[in-house]
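Spelled out, the chains give:
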Amino acid sequence: MLRSVCLVLSIVVPFVWGNESQCFKTQKQIESLYELSESLNIAGLKLRLAEVKRSCDFNSLGVTEHIVFNSLTVADGEGDREQINALRKQIKEENLLNVSSEYFPWQLFILSFSYYWDGEYEAAIDLFNDNKVILSESTANPIRARLYALVGNLFFNASTDLSTESETYFYKARQLAKKFEDDELTAFIEFQSGDTLPSIEEDIPTVFEQKKSSWLKLISSLEDSPTKADILFIWVLVEIEKEAQENLSLLDEAIRIYQEFGITRTLITAKISYARYLGLSGSKEEGLEYGQQVLSEFETTMPLNDKSELYDVLFELEKSESNFENALKFQSEYYESLIEANDEADRAKLDLLLGDYKVAEQTAKAELLEQSIKLKDVEKKSDTQKIYLLVLIVSILVVSLSFMLFVLRKNHESKIELQELAYTDSLTGAANRLSILRQAKRELEVSRRFVQSLTIAIADLDHFKSINDKFGHDIGDLVLQTFADVSNSALRSIDYFGRYGGEEWLFILPNTSKQESENLFNRIAEKLKSISVVDGPAKVTFSVGGLDAKGSSMSLEQLIKEADKQLYVAKNDGRDQVRLIESAEVAIAS
């Protein structure tokens, strides 16, 4: 009996001890999982997750939650929408976010950062409100500093009455980060804040140079990290550097880092920007080749908004190289991607362009056929005229060939003209309603992705009906043209405006604060008042209503509707004035 017991122990004890030792190793690995998630090292995290899953029966150790949260980091970094939704659902249904867990701050950061990455600020705010315990002054560690910075960013950008508290959390994050003397952590916090980033539009030259110098010093101290890549990328997007080649160099470094850390999601966006900047630098053929490589590499995994952006880049590059057939192909692909997103307005534009192209093509064929029939009729005449007819035939063939070449050239030119007609208001030469709405949609996506200001405003000419009634429609048209010319001369190259309907105009002003927008409209108003319309009114005025859409979760249609409400207020207050609000004020007012 004793011998049997000893035999069993000799088998069981080494197995249990060996298994516990391996699982103890897994616990160490779990800690490293969260460290990799915190640093957003997707490539390293995928390898470590595989190691943890192989180590032992992790379900029995209660580490399923750790696998799920860190898998969410991977899915976010790779932009795997199906996996992101599935993991968020699992976390919610299985209540995996546990405040009593020693890894709770990391788990909260991962989940909230996932919503932040998708621009779902309100969802992240709700998550923090449900777990306010993390905001208490407890354990001091780097992840808590990151959380404070993220809370500050969310409170600033979300439509919430807590936006005024954002600076409190940025202050807490900075104070906590000082204890760790970590340049990357400091850079993450300052990047989330955004206040210290140089701004050509907002800073006076001396302040701009001071900020730029400070950031360049910080960047040079950073080892490769996603935070460094993000800073380099935003450095290009906000045009801190003016030289195209320098921006290409910065983008190239950011792309290398994104590849190294396996962050596919931002890598795609950065590569699309690289293709665009190649074109801007004059290397249009290289831009086309690079953009097509990106399309080939990520075509099956690229998010729809990125695919639309890439098609648009390729269209512009092909058009600038006079490759009109290829340009039309990419524009068709661009429209089809919008159709996939149920954008009926853009589908109508595509049908118009392709329909007119087919008409022009068929017209050319019909004219050539008519010439051919005439030639055959001539050949039936008497033998005595054959010499003269032969000369005539050759002449007609030459004319036909010239005509064919002319038609082909005109077809190329008509494509460009049709594209311009599809986007241009025929009276004023400004963008039409379809065009300005398309641009507004694109700029709103950029604003949300990079958390930038975006003024959306509607301007309406005062007493325009009275002008038409008193002076006639010709003068009314001249007033509209004058307003368009004055507005166009006052806007920057990155600003957009278009005729929204009648005497109403939609303005889209990227990276422009409320105060800057007010200054712009006041300049337009003063210029307009100084111009005398021949045989028309002595003075032309207009009213403006709008808002800064920064951080708003409202749709474009809702934002335009809100701008229209503010225009109504400006009209009721006596006209000839600007009424702009912050997006946060919409939530408070509602």
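Up top is the structure these notes are about.
Because the structure is predicted, anything quoted here is derived from the model rather than measured.

How each quantity is defined
- Residues numbered from 1 in each chain as written.
- Predicted model: local features only at pLDDT ≥ 70, side-chain atom pairs only at ≥ 80, totals over all residues.
- Heavy atoms only, no water.
- Helix = DSSP H or I, 4+ residues; strand = E, 2+ residues; numbered from the N terminus.
- Buried < 20%, exposed > 50% of the residue type's maximum accessible area, 1.4 Å probe, protein only.
- Contact = heavy atoms within 4.5 Å.
- Areas by Shrake-Rupley, 256 points an atom, 1.4 Å probe, with all protein chains shown as cover.
- Expected span 1.5 Å × (residues − 1).
- Axes fitted to C-alpha atoms, helices over the stretch in contact; angles between N-to-C directions.
- Parallel < 35°, antiparallel > 145°, perpendicular 65-115°, else oblique.
- Nonpolar A, V, L, I, M, F, W, Y, C, P; charged D, E, K, R; others polar.
- Phe/Tyr/Trp six-rings, centres within 6.5 Å; stacked < 30°, edge-to-face > 60°.
- Lys NZ or Arg CZ within 6 Å of the ring centre and 35° of its normal.
- Pairing = 2+ DSSP bridges.
- Core = buried A, V, L, I, M, F, W, Y, C linked by side-chain atoms within 4.5 Å.
- Salt bridge = Lys/Arg side-chain N within 4 Å of Asp/Glu carboxyl O.

Peer 1: I tried to follow the overall build of the protein on my own but got confused; where do I start?
Peer 2: Each helix and strand in the protein was counted, giving 24 helices and five strands. Burial analysis of the protein (590 residues in total) assigns 48% to the buried set. Sequence separation of 24 or more characterises 66% of the internal contacts of the protein that already satisfy a separation of 6 or more. Of the roughly 29,800 Å² of accessible surface on the protein, a fraction of 52% belongs to carbon and sulfur atoms.

Peer 1: Can you help me understand helix α11 (residues 226–237) in this one?
Peer 2: Count 3.6 residues to each turn of an α-helix, and residues three or four apart come out pointing the same way. The terminal C-alpha atoms of α11, which comprises twelve residues, lie 16 Å apart, in line with the 16 Å expected from a rise of 1.5 Å per residue. Burial within α11 is extensive, with ten of its twelve residues counted as buried. Residues of α11 that are buried: Pro 226, Thr 227, Lys 228, Ala 229, Ile 231, Leu 232, Phe 233, Ile 234, Trp 235 and Val 236. In this structure, the buried residues of α11 make contact with α9 (183–193), α10 (205–221), α12 (244–261), α13 (264–280) and α19 (433–450). Looking one or two residues beyond α11, the residue adopting positive phi is Glu 239, at roughly 55°.

Peer 1: Which parts of the structure should I look at to understand the side chain of Ser 101?
Peer 2: When you line up the elements, Ser 101 lands in the loop between α4 (81–93) and α5 (104–117). Relative accessible area serves as the criterion here: at 15%, Ser 101 is assigned to the buried category. Setting aside anything within four residues of it in sequence, one finds Ser 101 in contact with Glu 65 and Gln 107.

Peer 1: Explanation requested: the packing of α13 against helix α15 (residues 304–320) in the structure shown.
Peer 2: Packed helix pairs are specified by the crossing angle of their axes together with the interaxial distance, meaning the distance between the axes. In contact at an axis separation of 10 Å, α13 and α15 are set at 10° when each is read in the N-to-C sense. On the basis of the axis angle, α13 is roughly parallel to α15. Residues Ile 268, Thr 269, Ile 272, Ala 275, Arg 276 and Gly 279 of α13 form the contact with α15, whose participating residues are Asp 306, Glu 309, Leu 310, Val 313 and Leu 317. The residue inventory of the contact of α13 with α15, partitioned by class, reads six nonpolar, two polar and three charged.

Peer 1: Got a minute to help me understand the packing of aromatic side chains in this structure?
Peer 2: Using the criterion set out here, one finds 17 aromatic pairs in the structure. These aromatic residues form a ring-pair network of at least three members: Phe 483, Phe 497, Trp 505, Phe 507, Phe 521 and Phe 542. Its end group placed over the ring of Trp 117, Arg 265 keeps NZ or CZ at 5.1 Å from the ring centre. Over the face of the ring belonging to Tyr 500 we find Arg 433, whose NZ or CZ atom lies 4.1 Å from the ring centre.

Peer 1: What is the right way to read the environment of Ile 200 from this model?
Peer 2: Along the polypeptide, Ile 200 turns up in the loop between α9 and α10. The spacing of Ile 200 and Ile 240 is 40 residues in sequence and 6.8 Å in space, taken between C-alpha atoms. Sequence-distant contacts of Ile 200, defined by excluding residues within four places in its chain, comprise Phe 208, Glu 239, Ile 240 and Lys 242.

Peer 1: Honestly, the sheet that holds strand β5 (residues 578–582) in this entry has me stumped. Any pointers?
Peer 2: Backbone-to-backbone hydrogen bonds join strands into a sheet, with any given pair of strands oriented parallel or antiparallel. Strand order across the open sheet formed by five strands is β2-β3-β1-β4-β5, with mixed pairing between neighbours. The sheet is open, and its two borders are formed by β2 (496–501) and β5, each paired with just one other strand. Geometrically, the sheet is characterised by an average inter-axis angle of 15° between neighbouring strands, direction not taken into account. The strands touched by α19 are β1 (454–461), β2 and β3 (504–510); relative to β2, the strand with the most contacts, the crossing angle is about 130°.

Peer 1: Sorry if this is basic, but what is going on with the nonpolar core here?
Peer 2: The nonpolar side chains of soluble globular proteins are, as a tendency, buried together. Counting residues in each nonpolar core, the largest one holds 53 residues, and the members touching the most others are Ile 231, Trp 235, Tyr 258, Tyr 274, Tyr 290 and Leu 310. Beyond its immediate stretch of four places on either side in the chain, Tyr 290 contacts Ile 255, Lys 271, Tyr 274, Ala 275 and Leu 278. Counting 44 residues, the second-largest nonpolar core is a separate cluster that includes Ile 30, Val 63, Ile 91 and Ile 143.

Peer 1: Where do I start with the pattern of salt bridges in this structure?
Peer 2: Overall, the coordinates contain 18 salt bridges when judged by the stated rule. Here Glu 38 ties to Arg 146 by a salt bridge, and the two come within 3.1 Å at their closest N and O atoms. Taken together, the positions of Glu 38 in helix α1 (residues 2–38) and Arg 146 in helix α7 (residues 142–157) put the pair 108 residues apart, joining distant regions of the chain. The exposure class of Glu 38 is buried, given its relative accessible area of 16%. Overall, the relative accessible area of 5% leaves Arg 146 in the buried class. Its salt-bridge partner being Lys 228, residue Glu 253 comes within 3.5 Å of it at the nearest N-O pair. Residue Glu 253 is found in helix α12, and its partner Lys 228 is found in helix α11; the two are separated by 25 residues along the sequence. Judged by relative accessible area, Glu 253 falls into the partly exposed class, the value being 26%.

Peer 1: Explain the pairing of β3 to me, please; I cannot follow it from the model alone.
Peer 2: The side chains of a regular strand alternate between the sheet's two faces. Taken across its seven residues, β3 has six buried, putting it largely inside the fold. One ladder, built from seven bridges, connects β1 with β3; its direction is antiparallel. Paired with Asp 460 across the strands is Glu 504, a residue of β3. Where β2 and β3 come together, five bridges link them in antiparallel fashion. When the bridges of β3 are listed, Phe 497 appears paired with Phe 507. Taking the residues between adjacent antiparallel strands as the criterion, β2 and β3 are bridged by two residues, where Gly 502 takes a positive phi near 60°.

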